[in-house]
Amino acid sequence: MNAPVANKLVLRRSYFEASARARVAAVLDAGSFREFLPPEASEPSPHLAVLDIPGAFDDGVIVGAASLGGRPVLVIAQEGQFMGGAVGEIHGAKIVGLLRRAVQDKPAAVIFMADSGGVRLHEANAGLIAISEVMRAVLDTRAAGVPVIALVGGSCGAFGGMGIVSRLCSAIVMSEEGRLALSGPEVIETVAGVEEFDSKDRALVWRVTGGKHRYLTGDCAELVEDDAASFRDGAIALLSGWQKPMPASSTLRAEQARLTERRQRFAGLRDGLDVWQALGVAEPRQIPLMDRDSLVALKKGLPA
Amino acid sequence: MNLQHILDGLFPAGHDVSVHGQLVAGCAQTALGTVTVLGTTDAAAIGHDIALGLAGRVLDVVDEHPGRPIVFLVDTKGQALSRAEELLCLNGSLAHLARCVDLARRQGHTSLALVTGEAVSGGFLSFGLMADKTYALADAQVRVMDLKAMARVTKIPYERLQELAAESPTFAPGAENYLRMGAIEAIWDAPRAALLEAALAGQQAAGPAADERMARGAERGGRHLAAATAAAVVSA
């Protein structure tokens, strides 16, 4: 019999470093994935070709059907290693098509592996419009009773329009290494100066945009280890306990109250350390050093 | 074009709209009855306060005035750029605003957005592009990034981008490009009540709006791939 600990070490696969295809293979039930518009049936983006930029046959996103813990799901996986997972015309349309299909097919969930800096600048208008279409399609899918679960733990995080899309999903599963925000630190540094946001200060970037911070402030539902199996387990756990959501109007009133209260409570703070202290964490400087399980336990013990 | 001029043009029968910082809110009279007016002015950067201010007012309309149409006035240079805003998950507040606009649609409120000044990226996504239909005034500036900045970031010569922009609406700034790609329904020569009322009446007659922007973009020849690609995924 294998020792469970050793077994885990052997099987551990960094989700952060994996390609989209490796994530699809590792997160979903083995052998269950069927791709829609596979590379051999697709054309790379002509908008990149005209700029003499090499395209990808899948345009940086994989969509298809699979099962997860035995439940039928539809799947989106963005490839951060192709143009930073950025959304262009074809890339966005594949996601919209998948979500529209979910409205028809009513799978148990859509699993959305986000890994993207947002709009692909080379196709800026097409990308922005596509993200708007994805936003509406995510909400249509949820309104049809199909939960959309975002997994955020890739090397490009979920930024720009994809940060908005991720927060429109029913729930987010995130790793400590995942990053979730609107403007990237580099953009803020370029426009507002290094004193505003030093994008080279990795620890600071994680304290502002990283998974532990988003988990402590309630902006992601689950915190998992940077490991494809943990993302899988986190998504399965969420779906197992899934309850039909409250009507959107009361949910949004509650969210309005939560966000307004938080805005007042944390006004003027600029570092995760300050927010964690205000949340009642006794030793905020220990947070970056804690493992996942200890952090989850700590959050449970915080004052409501 | 200043806000007062725009409001007087759109609502000659009267309006009671006030400006709170850069957030615009109130109501106005039209041939279709009272409408709610919400939006931003002076190229506002959208941070938590504006996003939550707009979202709360959308929820109020849904609660207090069932079915009342909402006219969004869009003038935003994009999202607020600061570490403090990002620390509290600015993408979450913009998503919340987008959900509130979407809720209003599902509850039977016709909505229309008019770009009066600038419409840029995240600020545009969170409410302007969430309305049933989006229109723009002729001098509106709609963009993700200006071409010079795009040339810097993509390392493609500015002259080359300019050349390509003449042939393709895909990346260069301009309301006309968004019209051709299906995201802007029409461009108005001036803020006129007749245009607004015809647009609202048309939308009300058509009933709850589905997202038809891909189809419009294909018809208008500005976006050839999106509609067919999405349809191929649905039927694969």
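Residues numbered from 1 in each chain as written. Chains lettered and ligands numbered in written order. Predicted model: local features only at pLDDT ≥ 70, side-chain atom pairs only at ≥ 80, totals over all residues. Heavy atoms only, no water.

**Quick notes on the overall build of chain A**
So, point 1. Along the backbone of chain A there are 13 helices and 7 strands.
So, point 2. On C-alpha atoms alone, chain A measures out to a radius of gyration of 19 Å, which is about the 19 Å that the 2.2 N^0.38 rule sets for 304 residues.
So, point 3. C-alpha atoms of chain A, sized along the principal axes, occupy 55 × 55 × 45 Å.
So, point 4. Within chain A, the proportion of its 304 residues that are buried is 58%.
So, point 5. Accessible surface, chain A: about 12,000 Å² in total, of which carbon and sulfur atoms supply 55%. (Helix = DSSP H or I, 4+ residues; strand = E, 2+ residues; numbered from the N terminus. Rg over C-alpha atoms; globule rule 2.2 N^0.38 Å. Buried < 20%, exposed > 50% of the residue type's maximum accessible area, 1.4 Å probe, protein only. Areas by Shrake-Rupley, 256 points an atom, 1.4 Å probe, with all protein chains shown as cover.)

**Focus on the state of the cysteines**
So, point 1. In the structure shown here, the tally under the stated rule is 0 disulfides over all chains.
So, point 2. In this model C220(A) remains outside any disulfide bridge; the closest cysteine sulfur is found in C89(B), 9.1 Å from its own.
So, point 3. Of all cysteine sulfurs, the one in C100(B) lies closest to C27(B), which takes part in no disulfide; the gap is 20 Å. (Disulfide = S-S within 2.5 Å.)

**Here we look at the sheet that holds strand β6 (residues 171-175) of chain A**
All names here are of chain A.
So, point 1. Strand order in the open sheet made by the 7 strands is β1-β2-β3-β4-β5-β6-β7, with mixed pairing throughout. What marks the edges here is a single partner per strand, and that holds for β1 (34-36) and β7 (222-224). For this sheet the average axis-to-axis angle between neighbouring strands, irrespective of direction, equals 25 degrees.
So, point 2. Two strands pair when backbone bridges link them, and strand β2 (residues 61-68) and strand β3 (residues 71-78) are joined in this way by 8 bridges, in the antiparallel orientation. Each residue of the ladder has a partner; that of S67, found in β3, is P72.
So, point 3. Running over the sheet, helix α2 (residues 20-27) touches β1, β2, β3, β4 (109-114) and β5 (148-152) and is turned about 160 degrees from β3.
So, point 4. Across the face of the sheet, helix α10 (residues 228-240) comes into contact with β2, β3, β4, β5, β6 and β7 while running at roughly 155 degrees to β6. (Pairing = 2+ DSSP bridges. Axes fitted to C-alpha atoms, helices over the stretch in contact; angles between N-to-C directions. Contact = heavy atoms within 4.5 Å.)

**Structural notes on the nonpolar core**
So, point 1. Ranked by internal contacts, the top residues of the largest apolar core, which has 128 residues, are I76(A), V110(A), F112(A), M135(A) and F72(B).
So, point 2. Considering each element in turn, this core owes the most residues, 11 residues, to helix α5 (residues 124-143) of chain A.
So, point 3. Leaving out residues up to four positions away in the same chain, V110(A) has contacts with L74(A), I76(A), L98(A), L99(A), A102(A), T141(A), V146(A), P147(A), V148(A) and I149(A).
So, point 4. Counting 26 residues, the second largest nonpolar core, distinct from the first, contains Y15(A), A20(A), L28(A) and V224(A). (Core = buried A, V, L, I, M, F, W, Y, C linked by side-chain atoms within 4.5 Å.)

**What about the interface of chain A and chain B?**
A common way to report how large an interface is uses the accessible area buried once the components associate.
So, point 1. With 76 residues of chain A at the contact, the number on the chain B side is 73 residues.
So, point 2. In this assembly, chain A packs against chain B so that about 6,500 Å² is buried in total across both faces, 65% of it on carbon and sulfur atoms.
So, point 3. The largest contributions to the chain A side of the interface with chain B come from N125(A), R136(A) and R263(A), which together make up 12% of the buried area.
So, point 4. Here chain A and chain B share 6 salt bridges between them.
So, point 5. R223(B) serves as the salt-bridge partner of E133(A), at 2.7 Å between the closest nitrogen and oxygen.
So, point 6. Summed over the shared surface of chain A and chain B, the number is 35 residue pairs in polar contact (both at pLDDT 80 or more).
So, point 7. Grouping the amino acids of the side of chain A that touches chain B by side-chain chemistry returns 39 nonpolar, 15 polar and 22 charged. (Buried area = accessible area lost by both parts, 1.4 Å probe. Salt bridge = Lys/Arg side-chain N within 4 Å of Asp/Glu carboxyl O. Polar contact = N/O pair within 3.5 Å; in protein donor to acceptor, adjacent residues only side chain to side chain. Nonpolar A, V, L, I, M, F, W, Y, C, P; charged D, E, K, R; others polar.)

**Notes on the side chain of E133(A)**
So, point 1. As for its position among the elements, E133(A) is in helix α5.
So, point 2. A polar contact is formed between the side chain of E133(A) and the side chain of R223(B), at a distance of 2.7 Å.
So, point 3. Apart from residues no more than four positions distant in its own chain, E133(A) is found in contact with V96(A), D211(B), R213(B), M214(B) and R223(B).

**Thoughts on the pattern of salt bridges**
All names here are of chain A.
So, point 1. One pass over the full model with this rule turns up 31 salt bridges over all chains.
So, point 2. The shortest N-O distance in the salt bridge between R101 and D105 comes to 3.1 Å. Of this pair, R101 and D105 both sit in helix α4 (residues 89-105), 4 residues apart, which is roughly one turn of the helix.
So, point 3. Here D105 falls in the partly exposed class, since its relative accessible area comes to 42%.
So, point 4. Two residues, R258 and D219, come together in a salt bridge whose shortest N-O distance is 3.4 Å. A residue pair is termed long-range when its members are at least 10 positions apart, and R258 in helix α11 (residues 248-265) and D219 in the loop between α9 (211-216) and β7 qualify at 39 residues.

**Considerations on the packing of aromatic side chains**
Residue and element names in this part refer to chain A.
So, point 1. One pass over the structure, following the stated rule, counts 4 aromatic pairs over all chains.
So, point 2. Looking at R23, its charged tip hangs above the ring of Y15, at a distance of 4.6 Å from the centre.
So, point 3. Against the face of Y215 rests K299, its NZ or CZ located 4.5 Å from the ring centre. (Phe/Tyr/Trp six-rings, centres within 6.5 Å; stacked < 30°, edge-to-face > 60°. Lys NZ or Arg CZ within 6 Å of the ring centre and 35° of its normal.)

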